[in-house]
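# Secondary and tertiary structure notes
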Amino acid sequence: MMLKVQNLEVLYQRSILGVADISIDVPKGHIVAIIGANGAGKSTTLRAISGFIGLDDARVSNGSILFDGRRIENRFPHQIAHLGIALVPERDKVFPNLTVQENLEIVASRTGHAERRHLEASIYDSFPRLAALKAKLAGLLSGGERQMLAIGSAIMCSPTLLLIDELSLGLAPVIVDDIAERLMRIRDELRLTILLVEQSTAIALRMADYAYVFENGRVVLSGSTDELRNDSSIQDAYLGTSGGEQRNYRHVRNRAQGPAK
Ligand SMILES: Nc1ncnc2c1ncn2[C@@H]1O[C@H](COP(=O)(O)OP(=O)(O)OP(=O)(O)O)[C@@H](O)[C@H]1O
Ligand SMILES: [Mg+2]
């Protein structure tokens, strides 16, 4: 297992519960999705894994995060990046006053010059739109272009595990499809493992092999995406297709478990 999160609890400002009890497994080479409504704890989980919760005055107060068998909870973001985990954040994705090229160049490296040039070439090859915009200020990019650049910046860290917080947020479906397809290509090329947070269930189920549904800082359901796609009662209860406020999770609660080892 590449990433193992066990009984994760995060407190903001020493007292506000961010997530209560999250356990997720991400096997090497897979794409795993986290689905859930606003405030469910999706970003908190990704920021705990990548170390950024420290910047939000939060800490892992219980549980553990294991990456390649090593405990990484409550380490600094640069230490975690150095181990090979990169985050595409939900907000503040790019440096708006730097050009596209400068945004890629400014990323701290955990690899040598040759590897950086290789990664840069792969990024421009997978996202030719960025190549055409090299000299443009990132602050002037469209939402889709900004998302591509954010993915590119994360990939410049040379990660083995890529964390993506809301691939589709605020983007038109046709743009999301395009980015998703290109992301899958570069993922194959660089053999990335991906943990993806999505409010769009459709996108999560399409891209991932396995998904976890979060509710109020807990995992209420998990399964292979094939399983989740084909189960209509689950579709209605969890995946937002019914639109009802009254959701009943009891009948499937004990199905919340990790992927097969
Ligand atoms: N900086 C913060 N200070 C205090 N509480 C926070 C902070 N950030 C998040 N929280 C709380 O932690 C809980 C989980 O929030 P989180 O942002 O992880 O949810 P999310 O699933 O990413 O939601 P969204 O879909 O809106 O992005 C929420 O109750 C939220 O209010
Ligand atoms: Mg979020």
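About the thresholds
Residues numbered from 1 in each chain as written. Chains lettered and ligands numbered in written order. Predicted model: local features only at pLDDT ≥ 70, side-chain atom pairs only at ≥ 80, totals over all residues. Heavy atoms only, no water. Near = heavy atom within 4 Å. Polar contact = N/O pair within 3.5 Å; in protein donor to acceptor, adjacent residues only side chain to side chain. Areas by Shrake-Rupley, 256 points an atom, 1.4 Å probe, with all protein chains shown as cover. Helix = DSSP H or I, 4+ residues; strand = E, 2+ residues; numbered from the N terminus. Core = buried A, V, L, I, M, F, W, Y, C linked by side-chain atoms within 4.5 Å. Buried < 20%, exposed > 50% of the residue type's maximum accessible area, 1.4 Å probe, protein only. Salt bridge = Lys/Arg side-chain N within 4 Å of Asp/Glu carboxyl O. Donors = N, O, S within 2.8 Å, 3.2 Å for Na, K, Ca; no water. Phe/Tyr/Trp six-rings, centres within 6.5 Å; stacked < 30°, edge-to-face > 60°. Lys NZ or Arg CZ within 6 Å of the ring centre and 35° of its normal. Contact = heavy atoms within 4.5 Å. Expected span 1.5 Å × (residues − 1). Pairing = 2+ DSSP bridges.

### What about the site of ligand 1?
Taken together, the neighbourhood of ligand 1 is formed by 15 residues, with Asn38, Gly39, Lys42, Ser43 and Thr44 sitting nearest. Contact between ligand 1 and Tyr12: a nitrogen atom at 3.4 Å from a side-chain N or O atom of the residue. Between Gln199 and ligand 1, the recorded distance is 2.9 Å, taken from a side-chain N or O atom to an oxygen atom. Its free accessible area being 640 Å², ligand 1 has 68% of it covered by the protein chains. Put simply, the parts of the chain that give the shell around ligand 1 at least two residues each are strand S2 (16-26) and helix H1 (42-50).

### Some points on the nonpolar core
Membership of the largest hydrophobic core comes to 48 residues, with the highest contact counts inside it found for Ile155, Leu162, Leu167 and Leu183. Ranked by size, the runner-up nonpolar core spans 34 residues in total, among them Val5, Ile22, Val26 and Leu161.

### Examining the pattern of salt bridges
A full pass over the atoms with the stated rule returns nine salt bridges. Ionic pairing is found between Glu90 and Arg91, a salt bridge with its closest N-O pair at 3.8 Å. Note on Arg91: relative accessible area 59%, which makes it exposed. Ionic pairing is found between Arg229 and Asp226, a salt bridge with its closest N-O pair at 2.4 Å. Taken as a pair, Arg229 and Asp226 lie in helix H9 (residues 225-230) at a separation of three residues, close to a single helical turn. The partly exposed category is assigned to Asp226, whose relative accessible area is 47%.

### Some remarks on the coordination of the magnesium ion (ligand 2)
Expected angles at a metal are 109.5 degrees for tetrahedral coordination by four donors and either 90 or 180 degrees for octahedral coordination by six donors. Those donors, Ser43 (OG) and Glu90 (OE), are the protein atoms that reach the magnesium ion (ligand 2), and they lie 2.0 to 2.5 Å from it. One end of the pair, Ser43, is in helix H1; the other, Glu90, is in the loop between strand S6 (85-88) and helix H3 (100-105), with 47 residues separating them in the sequence. Judged by relative accessible area, Ser43 falls into the buried class, the value being 19%.

### Focus: the packing of aromatic side chains
Applying the stated criterion across every chain yields a total of one aromatic pair. Taking 5.3 Å as the distance between ring centres and 55° as the angle between the ring planes, the aromatic pair formed by Tyr210 and Tyr212 counts as tilted. Here the two residues Tyr210 and Tyr212 agree in accessibility, since each one is buried. Over the ring of Tyr124 we find Lys134; its NZ or CZ atom is 4.5 Å from the centre of that ring.

### A word on the environment of Gly36
As for its position among the elements, Gly36 is in strand S3 (residues 31-36). By relative accessible area, Gly36 is classed as buried at 11%. Sequence separation between Gly36 and Asn216 is 180 residues, and the spatial gap between their C-alpha atoms is 8.9 Å. When sequence neighbours within four positions are dropped, the list of residues in contact with Gly36 reads Lys42, Glu198, Gln199 and Phe214.

### Observations regarding helix H6 (residues 143-155)
Helix length check: H6 (13 residues) gives 18 Å between terminal C-alpha atoms against 18 Å at 1.5 Å per residue, within 8%. Within H6, eleven of the 13 residues are buried, which leaves it mostly tucked inside the rest of the structure. Of all the residues in H6, the buried ones are Gly144, Glu145, Gln147, Met148, Leu149, Ala150, Ile151, Gly152, Ser153, Ala154 and Ile155. Along its buried surface, H6 packs onto S6, H3, helix H4 (113-126), helix H5 (128-132), strand S7 (161-165) and helix H7 (173-190).

### Section: unusual backbone geometry
Positive phi is not limited to glycine here, since Asp57 has a value of about 55°. Inspection of the secondary structure assignment puts Asp57 in the loop between H1 and strand S4 (58-67). For Asp57, a relative accessible area of 48% translates into the label partly exposed. Its identity is not glycine, yet Asn74 carries a phi of approximately 65°, on the positive side. Summarising the element assignment, Asn74 is placed in the loop between strand S5 (70-71) and helix H2 (77-83). Look at Asn74 and you get partly exposed, because its relative accessible area is 31%.

### Regarding the pairing of strand S10 (residues 218-224)
Burial analysis of S10 places five of its seven residues in the buried class, which makes it a mostly covered element. Where strand S9 (residues 210-215) lies against S10, six bridges are found, and the strand directions are antiparallel. Within S10, the residue paired with Glu215 across the bridge is Arg218. Hairpin connection between S9 and S10: a loop of two residues separates the two successive antiparallel strands, and Asn216 in this loop has a positive phi of roughly 50°.

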